[in-house]
Number of protein chains: 4
Amino acid sequence: MEQVKIGIAGLGALGELHIKNICEHVPEAKVTAVCDIRQDRVNEICGRYDIRSGYTKFEDLVADGEVEAVMIVTNVAAHKDQCIQAAKAGKHIFCEKPLAKTVEECHAIEEAVENNKGKIFTIGYMRRSDPAYAAAMERVRSGAIGDVFMYRGISLDPASVLPHHIEGVRAGRYAPFFYEMGIHDADLALWFLNADIESVSSVGGAYVEQELARYQDYDNAVSIGRFQNGSIFSIQVGRSHNSSHVQAEIIGTKGTIRINNVPNVSRLEFFDPDGYRQPLEQTFLDRWGDAYVCEVRNWAGRILGKDTPVVRVSDGAKSLRIADMMQKAFVEKRTVYVGEMAE
Amino acid sequence: MEQVKIGIAGLGALGELHIKNICEHVPEAKVTAVCDIRQDRVNEICGRYDIRSGYTKFEDLVADGEVEAVMIVTNVAAHKDQCIQAAKAGKHIFCEKPLAKTVEECHAIEEAVENNKGKIFTIGYMRRSDPAYAAAMERVRSGAIGDVFMYRGISLDPASVLPHHIEGVRAGRYAPFFYEMGIHDADLALWFLNADIESVSSVGGAYVEQELARYQDYDNAVSIGRFQNGSIFSIQVGRSHNSSHVQAEIIGTKGTIRINNVPNVSRLEFFDPDGYRQPLEQTFLDRWGDAYVCEVRNWAGRILGKDTPVVRVSDGAKSLRIADMMQKAFVEKRTVYVGEMAE
Amino acid sequence: MEQVKIGIAGLGALGELHIKNICEHVPEAKVTAVCDIRQDRVNEICGRYDIRSGYTKFEDLVADGEVEAVMIVTNVAAHKDQCIQAAKAGKHIFCEKPLAKTVEECHAIEEAVENNKGKIFTIGYMRRSDPAYAAAMERVRSGAIGDVFMYRGISLDPASVLPHHIEGVRAGRYAPFFYEMGIHDADLALWFLNADIESVSSVGGAYVEQELARYQDYDNAVSIGRFQNGSIFSIQVGRSHNSSHVQAEIIGTKGTIRINNVPNVSRLEFFDPDGYRQPLEQTFLDRWGDAYVCEVRNWAGRILGKDTPVVRVSDGAKSLRIADMMQKAFVEKRTVYVGEMAE
Amino acid sequence: MEQVKIGIAGLGALGELHIKNICEHVPEAKVTAVCDIRQDRVNEICGRYDIRSGYTKFEDLVADGEVEAVMIVTNVAAHKDQCIQAAKAGKHIFCEKPLAKTVEECHAIEEAVENNKGKIFTIGYMRRSDPAYAAAMERVRSGAIGDVFMYRGISLDPASVLPHHIEGVRAGRYAPFFYEMGIHDADLALWFLNADIESVSSVGGAYVEQELARYQDYDNAVSIGRFQNGSIFSIQVGRSHNSSHVQAEIIGTKGTIRINNVPNVSRLEFFDPDGYRQPLEQTFLDRWGDAYVCEVRNWAGRILGKDTPVVRVSDGAKSLRIADMMQKAFVEKRTVYVGEMAE
């Protein structure tokens, strides 16, 4: 079987997850090179997964002639330069979300990618590749629910990861939660409603971890928005739930699709003294394990000439724009219009 | 509004429940007399519910000319004589389940009731009057699930009432559980499958309360049976569950109806540290509160000339026959055939 | 049993429902008089329910010395004057929602009611009396979910009633949907979060019935709001759903309560060729039948000296204020602050 | 990564599924040889999956020195001889269920396997490897539900495959349904209850496809059984359901585990005009896709020295014995005892 030869930049937990997934579950691809600024981490990963080439400089990864496709799993601050370098080197590119720090950077990436003719680009919005969301989109496209006019998303992290989050926020590693989590739903709203944003309002607070307020962050918040075609969204994010819980509704003129109403982690249910109980997903991997595989298979499949779906480079700016507006609306306690945002 | 004047015999907890229900929720009826062998209980109830006449002898209740209809909520040992007396006195009759101690006694009641022309008789199989079961029967009759060939019932009591049960069993107040609980499902199997029994097999044991074994009783058991028209049933009973839980399936050639798959006690669900949880019905009243009202409204409505459903006197013998066979099959550890049963 | 003697004004469908409920399910009360501007309707209802006195003028109802308590089920335009008259006459009062047309009118009612010492007043926010919401509040008060910081409500009418709605809107009988439906959720947000409103934003549209746009109305919309104590809400309303569907979540720092996640109309579930299916509530009575009884029992019970819950008169203005803000925010496409609203 | 070199005998649909799974999802193994009596099928599969060696005789597969482990996916009539040959050749063995045609044959296999020291044997009871059943067993072993005393299994095929089934039955390719389907539940009952069978009773019929009756087969049936330690089971099988539906309950003295109560095929739910609907699993692969991968990974993992679970060779005879008793009880319409069965 033909295999895409992949070089991966960024060997954090998510970078390693992609490597493990490709080794075990992506017959369409093979990791032939990795890159990280930490030499020992490079050595460790190359040994663990039997990878031929290890680099500490992104330039070297891109210069590796065997590498056909690059996965960028580095800090968001590095995305712009790395995407542009990889595009200039004629590589296929997979870039983790968010695409960049600013909409302006996104546009720079777009330009480079558009000049990299014939190469396949995608963004790591893995929810689109999740079997449930993919099936929902198929149903929407079949016309079964009429014209779609509303997207409602709920994205909650378990309270168990809140201490880790707050550390990341303190260290400046994490942006406020609309950027970290809400941006996934912003992307899905764009995907399902296929429209351009007009205005956004937000409310929320730091109810459980009050220190978040110092960083214009929040542990629970909700935004509503209106697109230029009149369709609307509601996006709720939270960091203090009793489980990982990502739910969505796609609402049309003839019906509604609900996704993951109860995030049960298995097909088990217990009759216990306390009632009837379904154990829930505890980590994002409980929910997205498959999706992380599917998104890479979709990208690699497209590179190999199949008709699998990928995320357009222009969608990176659009979803980031909505995240910017959700955040600004939260901070300024008012409706924010797209016209006020810098281009 | 015209009201049926009712006399109630037997002022145990269930007798009082019927009185309270009639006072608060049955506009079609009025309790005008009660009867119990305990004079103080008669006084207490007459005072509490403002009831005109109280008796300590069933004869006197039946002789009360104002009483049009008699509810027999006494010990099963008394049912035969009381039903016959009430029938001879020309009263409408509601008799609690089981109809009598033996099939032979049931037949004696049948004869008396058949001679009591124009009067309405029913048995307290309240599940048939429960909105869910009534709606299921309506769906079955509509043909929506094709020809019905199987009934599957599960009737579980919470472990919390097991100590009370075992006391009743020791005192001889309770028959083995197929008689107390399984007989409801036997009646429903007969109702949905509309057939005559052919054979029954049972297995079970005293797993939680081993003392039950001394009384040829069990805390968990399951029976299967075959009707003469080829249709079948499976009936599971238990006394050690974490909730009250009565579930059923009606299976037809074109579809299946499930009733009360999760016996949630409310429309509430909790996201707790332990998962997603529905609080469950804890007592039989959580489940059957409405059904106890509906069965009396159905009976009184029929007396007043409406077309509400009642249970035929002949169904009393039929369901008791199945309970006899379930018990005999359990004790003798073999399939029991109707031909072996005494007529 | 002691019974509160009730006079009911307004014999539309809801007025008659209250009468029927009281006759059949409210042992604590008795309807002794009714009033409607249509003499024939008065006659019809008095005959059907065997009611002693019928009037065509509210003054006469209030002057009826036998009437202890008045239920106002008339058009909202009449509420203010009728509440004040009834209060001056020393009656207990039950007023349907919304309490009045404007916050100013609500304050006038408040004043009259406060001067009507010792008499019990309530507003027909029946959801608070629904067993599920009442149980949710009990759980909240027990501290089981920590500090409550968010209320999320969804209130959807089935598309089947949309033609009736649009007629009512054309005729000016119905206000925009935040007033008709969203106000219930506004009241519940106030009840659970126990706070004063600060700001509201809304989005929505007339996606299914575009004519609604002419009336500054919408068939689907969603509002978010912030209270002065920092807590928040999200309220979604719709008129084009496939069922009646009223769902809520109460979110606290330690857990979440979900109410009526699936508005199944019974305990039945079907295995059909199309999948596993629960038939849903088709009309508001499928959902609120019990609640309409409970709210009257609670009010009558309080009149008789029990500790049953009623709605404070001041809550009428508070929920109407939020509805005003939801509507204004929708029309003006911006966040609306309480400071801008006329007192 | 070290990989087990596997030879697969039997290139029907299930044989090919195993090959595809190993290629794509079992990094621990590699298919190096296949065998089927049809030369063209051998060529087709070798080409499609890039497999080195193809044989038309099982002897040749076993003689292939590169093959370390043999998967027997042939007709059950061939299992005994092939297992014995493979065992004599010192291969690790994976044999599809049922292990053999008769309990006697199973014992012959057992003997050969026991003499094949140090090699790993397993039976294709894939349900044990399904994540849900594996998690249930883990919970049982943790003691969370107390002492387990009952297993309840329901295994239903969709009516859509009934025409295919009846063809197979006519052609003698399919045994009655207790052998094809019920045997899985028999194995699970043995696994969870860890006991030896004592007696079995069955009822059922050919309600939808009456021709099945000619073959002592049935489209719906249910068996109950008792183990020698007193624990019990209930196993329902059917071929006329509206979906593929395999459900189970493990019942203990302290709690109950339910598996796959609703066999929803995805995390999607629809609000449709007909109600709230979950699309269901339509084929056995919708349900067991993962389990077929896991069972091979478990077996290969064990060969590579990991502590993954496999099925003991002796379990093949035990589950077949129960299937024999379920069938005999059905045909003879009576309880069948283990003592009557030939050894």
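What you see is a predicted model; the values in this text were computed from it and never measured.

Participant: Which parts of the structure should I look at to understand the interface of chain B and chain C?
Facilitator: When the parts of a complex come together, some accessible area is lost, and that lost area is often used as the size of the interface. Each side of the interface is counted separately: chain B has 28 residues, and chain C has 28 residues. Interface area, chain B with chain C, both sides summed: about 2,400 Å², of which 47% is carbon and sulfur. Applying the counting criterion to the chain B and chain C interface returns six salt bridges. Among the salt bridges present, the one from Glu281(C) reaches Arg267(B), with a minimum N-O distance of 3.2 Å. The interface formed by chain B and chain C includes twelve residue pairs in polar contact (both at pLDDT 80 or more). When residues of the side of chain B that touches chain C are traced back to their parent elements, those giving at least two are α1 (13–25), α6 (131–141), β12 (256–259), β13 (268–272), β14 (275–278) and α9 (284–303) of chain B. The element contributing the most residues to the side of chain B that touches chain C is β13(B), with five residues. Taken together, the residues that form the side of chain B that touches chain C break down as twelve nonpolar, six polar and ten charged.

Participant: I tried to follow the sheet that holds strand β5 (residues 92–95) of chain D on my own but got confused; where do I start?
Facilitator: The strands making up a sheet associate through backbone hydrogen bonding, with each pair oriented either parallel or antiparallel. Residues and elements named next belong to chain D. Spatial ordering of the open sheet is given by β3-β2-β1-β4-β5-β6, a layout of six strands whose pairing is parallel. The sheet terminates laterally at β3 (53–55) and β6 (121–123), the two strands that pair on one side only. For this sheet, the mean angle separating the axes of adjacent strands, direction not counted, is 20°.

Participant: Is there a simple way to explain the packing of aromatic side chains in this structure?
Facilitator: When we look at a pair of aromatic rings, we describe it by the centre distance and by the angle of the planes. Residues and elements named next belong to chain C. Scanning all chains against the criterion turns up 40 aromatic pairs over all chains. Ring geometry for Tyr-133 against Trp-288: centres 6.0 Å apart, planes inclined by 35°, an arrangement best described as tilted. One end of the pair, Tyr-133, is in helix α6 (residues 131–141); the other, Trp-288, is in helix α9 (residues 284–303), and 155 residues separate them in sequence. The same class applies to Tyr-133 as to Trp-288, namely buried.

Participant: How do you make sense of the relation of the copies chain B and chain D when you look at a structure like this?
Facilitator: Comparison of the two chain copies shows a relationship of rotation about an axis with a shift along it. Least-squares fitting of chain B to chain D yields an RMSD of 0.0 Å, with the transformation described by 0.0 Å of translation along the axis and a rotation of 180°. Taken together, the rotation and translation relating the two chain copies correspond to the operation of a two-fold axis. By C-alpha distance to the rotation axis, the residue of chain B lying nearest is Thr335(B), at 2.7 Å. Interface overlap between copies is the fraction of interface residues in one copy that are interface residues in the other; for chain B against chain D it reaches 100%, indicating a shared surface.

Participant: Whenever I open this one, the pattern of salt bridges confuses me. Can you help?
Facilitator: A side chain with one charge can pair with a side chain of the opposite charge if their charged atoms come near. In total, this model carries 112 salt bridges over all chains according to the counting rule given. The residue Glu198(B) makes a salt bridge to Arg226(B) at a minimum N-O spacing of 3.2 Å. Of this pair, Glu198(B) sits in strand β8 (residues 197–205) while Arg226(B) sits in strand β9 (residues 220–227); the two residues are 28 residues apart in sequence, bridging distant segments of the chain. Using a relative accessible area of 22% as the deciding quantity, one classes Glu198(B) as partly exposed. Arg226(B) gets classed as buried once you look at its relative accessible area, which sits at 17%. We note a salt bridge from Arg287(D) to Asp130(D), for which the minimum N-O separation is 3.0 Å. Of this pair, Arg287(D) sits in helix α9 (residues 284–303) while Asp130(D) sits in the loop between β6 and α6 (131–141), placing them 157 residues apart in sequence. In this structure, Arg287(D) and Asp130(D) share a single accessibility class: buried.

Participant: Just to check I follow, could you spell out the environment of Glu167(A) for this structure?
Facilitator: Residues and elements named next belong to chain A. Its location among the elements puts Glu-167 in helix α7 (residues 162–170). For Glu-167, a relative accessible area of 47% puts it in the partly exposed group. Separated by 75 residues in the primary sequence, Glu-167 and His-92 place their C-alpha atoms 34 Å from one another.

Participant: Quick question: what am I supposed to make of the interface of chain B and chain D here?
Facilitator: Counting from both sides, the interface comprises 40 residues of chain B and, opposite them, 40 residues of chain D. Carbon and sulfur atoms supply 55% of the area buried between chain B and chain D, which totals about 2,900 Å² over both sides. Between chain B and chain D we count zero salt bridges in total. In this assembly, chain B and chain D are joined by 16 residue pairs in polar contact (both at pLDDT 80 or more). Counting residues per element, the ones that place at least two in the side of chain B that touches chain D are β7 (148–158), β8, β9, β10 (232–241), β11 (245–252) and β12 of chain B. Ranked by the residues each element gives to the side of chain B that touches chain D, the list is headed by β9(B), at seven residues. Grouping the constituent residues of the side of chain B that touches chain D by class yields 13 nonpolar, 20 polar and seven charged.

Participant: Help me out: how do you make sense of helix α4 (residues 76–88) of chain C in this one?
Facilitator: Counting along an α-helix, one turn takes 3.6 residues, and residues three or four places apart therefore face a common direction. All names here are of chain C. For α4, built from 13 residues, the straight-helix expectation of 18 Å at 1.5 Å per residue is met to within 8% by its first-to-last C-alpha distance of 19 Å. Of all the bends in α4, the greatest, near 25°, is centred on Gln-82. Considered for burial, the residues of α4 that qualify are Val-76, His-79, Gln-82, Cys-83, Ile-84, Ala-86 and Ala-87. Elements in contact with the buried residues of α4: α3 (58–63), β4 (69–72), β5 (92–95), α5 (103–115) and β6 (121–123). The opening residue of α4, the one whose side-chain oxygen lies 3.0 Å from the backbone nitrogen of Ala-77, is Asn-75.

Participant: Help me understand the packing of helix α8 (residues 177–193) of chain C against helix α10 (residues 314–332) of chain C in this model?
Facilitator: For any two helices packed against each other, the geometry is given by the interaxial angle and the distance between the axes. All names here are of chain C. One can describe the packing of α8 onto α10 by two numbers: an axis separation of 8 Å at closest approach and a directional angle of 125°. In terms of orientation, α8 and α10 fall into the oblique class. Like other packed secondary-structure pairs, α8 and α10 cross with a definite hand, here right-handed. Residue-level contacts link Phe-178, Tyr-179, Gly-182, Ile-183, Ala-186, Asp-187 and Leu-190 of α8 to Asp-315, Lys-318, Ser-319, Leu-320, Ile-322, Ala-323, Asp-324, Met-326, Gln-327 and Phe-330 of α10. Split by residue class, the contact of α8 with α10 holds ten nonpolar, three polar and four charged.

Participant: Quick question: what am I supposed to make of the relation of the copies chain B and chain C here?
Facilitator: Superposition of chain B onto chain C requires a rotation of 180° combined with a translation of 0.1 Å along the rotation axis, giving an RMSD of 0.0 Å. When the interface residues of chain B are mapped onto chain C, 100% of them again fall at the interface, so both copies present the same face.

Participant: Even after reading the chapter, I still don't get the packing of helix α5 (residues 103–115) of chain B against helix α10 (residues 314–332) of chain B, so can you show me in this structure?
Facilitator: Residue and element names in this part refer to chain B. Closest axis-to-axis distance for the α5/α10 pair is 9 Å, and the angle between their directions is 175°. Put simply, α5 runs roughly antiparallel to α10. Within the contact between the two elements, α5 uses Val-103, Cys-106, His-107 and Glu-110 and α10 uses Ser-314, Gly-316, Ala-317, Leu-320, Arg-321 and Asp-324. Taken together, the residues of the contact of α5 with α10 sort by class into four nonpolar, three polar and three charged.

Participant: Before we go on, may I ask you to explain unusual backbone geometry in this structure?
Facilitator: Glycine aside, negative phi is the norm for most residues, and most peptide bonds take the trans geometry. Put simply, Lys97(B) and Pro98(B) share a cis peptide bond, and its omega is -10°. Here Pro98(B) is to be found in the loop between β5 (92–95) and α5. Phi is positive for Asn260(A), close to 60°, though the residue is something other than glycine. Tracing the backbone shows Asn260(A) in the loop between β12 (256–259) and β13 (268–272). Located in the positive-phi region is Asp50(D), a residue other than glycine, with phi close to 60°. Along the chain, Asp50(D) turns up in the loop between α2 (39–49) and β3. Take Asp50(D): its relative accessible area is 65%, and that puts it in the exposed class.

Participant: It is not clear to me how the state of the cysteines should be interpreted in this structure. Could you clarify?
Facilitator: Put plainly, a disulfide is one covalent bond tying together the sulfur atoms of two cysteines. By the definition in use, this model includes zero disulfides over all chains. Among the cysteines around Cys83(A), which has no disulfide bond, Cys95(A) carries the closest sulfur, lying 3.7 Å off. Free cysteine: Cys294(B), not disulfide-bonded; nearest cysteine sulfur from Cys294(C) at 16 Å.

Conventions and cut-offs
- Residues numbered from 1 in each chain as written.
- Chains lettered and ligands numbered in written order.
- Predicted model: local features only at pLDDT ≥ 70, side-chain atom pairs only at ≥ 80, totals over all residues.
- Heavy atoms only, no water.
- Contact = heavy atoms within 4.5 Å.
- Buried area = accessible area lost by both parts, 1.4 Å probe.
- Salt bridge = Lys/Arg side-chain N within 4 Å of Asp/Glu carboxyl O.
- Polar contact = N/O pair within 3.5 Å; in protein donor to acceptor, adjacent residues only side chain to side chain.
- Helix = DSSP H or I, 4+ residues; strand = E, 2+ residues; numbered from the N terminus.
- Nonpolar A, V, L, I, M, F, W, Y, C, P; charged D, E, K, R; others polar.
- Pairing = 2+ DSSP bridges.
- Axes fitted to C-alpha atoms, helices over the stretch in contact; angles between N-to-C directions.
- Phe/Tyr/Trp six-rings, centres within 6.5 Å; stacked < 30°, edge-to-face > 60°.
- Buried < 20%, exposed > 50% of the residue type's maximum accessible area, 1.4 Å probe, protein only.
- Least-squares fit on C-alpha atoms with pLDDT ≥ 70 in both.
- Expected span 1.5 Å × (residues − 1).
- Bend = angle between axes of the 7 residues up to and from the residue.
- Parallel < 35°, antiparallel > 145°, perpendicular 65-115°, else oblique.
- Left-handed = near helix turned anticlockwise from the far one by under 90°.
- Disulfide = S-S within 2.5 Å.

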